[in-house]
Number of protein chains: 2
Amino acid sequence: MGLDLAGPEGIGLVAGTLTTAAFVPQVVKTWRTGSASDFSLPMLLMFVSGVMLWLVYGMVIAAPSVWIANAITAPLSLYLLWIKLRRG
Amino acid sequence: MGLDLAGPEGIGLVAGTLTTAAFVPQVVKTWRTGSASDFSLPMLLMFVSGVMLWLVYGMVIAAPSVWIANAITAPLSLYLLWIKLRRG
């Protein structure tokens, strides 16, 4: 699981930084409003499950950029799901 | 780039199906309303760039589930960006 930034993992880390960073403002907004009413529950359940599976996949194929990106996105998306389940 | 569904690529394909499917309702909503005013432009630019880089990464490491998922998400996110640029 070495991280050779000059190789594909460098591309993956930039990719993961961009897609994860794009997700952060949404989490900040939900944290501020305390509301996730505009999200559908099935959509959140699919997204959280998908991110967890990407995390497993990244570990299985030993691709650090894949599992690092999803290890960060997983708790963020779980937070959205938790707010949705608690507050609707 | 063979697709062995019993191996990690099977996990990746389920992961990609879930995260991409979770994104589709958003695209349908934007298509219906013709508006992307609630999205921030920097966020969309980061997301589109990130998805394109994931696509390149998936091709470079020859991981079909990674490039297939992002080859589907790329035009969907580009559509959101296009609406944002055209209509605000």
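Residues numbered from 1 in each chain as written. Chains lettered and ligands numbered in written order. Predicted model: local features only at pLDDT ≥ 70, side-chain atom pairs only at ≥ 80, totals over all residues.

S.K.: Looking at this structure, how should I read unusual backbone geometry?
M.R.: For residues besides glycine, phi is generally negative; the peptide bonds are generally trans as well. The backbone of Ala62(A) sits at a positive phi, close to 55°, despite the residue not being glycine. With respect to the element layout, Ala62(A) can be found in the loop between α2 (41–60) and α3 (64–87). (Helix = DSSP H or I, 4+ residues; strand = E, 2+ residues; numbered from the N terminus.)

S.K.: Explain the environment of Leu76(A) here, please?
M.R.: Residues and elements named next belong to chain A. With respect to the helices and strands, the residue Leu76 is situated in helix α3. Taking the number of C-beta atoms within 10 Å as the measure of exposure, Leu76 has 18 and is therefore partly exposed. The spatial distance from the C-alpha of Leu76 to the C-alpha of Thr20 is 9.4 Å, given a sequence separation of 56 residues. (Buried ≥ 20, exposed ≤ 12 C-beta atoms within 10 Å, placed from the backbone.)

S.K.: What am I meant to see in the relation of the copies chain B and chain A here?
M.R.: One copy of the chain maps onto the other through a rotation about an axis followed by a shift along the same axis. Rotating chain B by 180° about the axis while translating it 0.0 Å along that axis superimposes it on chain A, leaving an RMSD of 0.0 Å. Expressed as a symmetry operation, the mapping of one chain copy onto the other fits a two-fold axis. When C-alpha distances to the rotation axis are compared across chain B, the minimum falls at Val66(B), with a value of 4.6 Å. Mapped onto chain A, 100% of the interface residues of chain B again fall at the interface, so both copies present the same surface. (Least-squares fit on C-alpha atoms with pLDDT ≥ 70 in both. Contact = placed C-beta atoms within 7 Å.)

S.K.: Just to check I follow, could you spell out the interface of chain B and chain A for this structure?
M.R.: Accessible area lost upon the coming together of the parts serves often as the stated size of an interface. Across the contact, 24 residues belong to chain B and 24 residues belong to chain A. It is helix α2 (residues 41–60) of chain B that contributes the most residues to the side of chain B that touches chain A, eleven residues altogether. Residues belonging to the side of chain B that touches chain A are distributed by class as follows: 19 nonpolar, five polar and no charged. (Nonpolar A, V, L, I, M, F, W, Y, C, P; charged D, E, K, R; others polar.)

S.K.: Would you take a moment to explain the environment of Pro25(B) for this structure?
M.R.: Summarising the element assignment, Pro25(B) is placed in helix α1 (residues 8–33). Residues contacting Pro25(B), with those up to four places away along its chain left out, are Ser40(A) and Met43(A).

S.K.: How do you make sense of helix α3 (residues 64–87) of chain B when you look at a structure like this?
M.R.: In an α-helix, one full turn covers 3.6 residues, which means residues spaced three or four apart are oriented alike. All names here are of chain B. Compared with an ideal rise of 1.5 Å per residue, which puts 24 residues at 34 Å, α3 spans 35 Å between its outermost C-alpha atoms and is within 8% of the ideal. Within α3, the full set of buried residues consists of Ser65, Val66, Trp67, Ile68, Ala69, Asn70, Thr73, Ser77, Ile83 and Lys84. Close packing links the buried residues of α3 with α1 and α2. Of the residues one or two after α3, Gly88 is the one with positive phi, at around 85°. (Expected span 1.5 Å × (residues − 1).)

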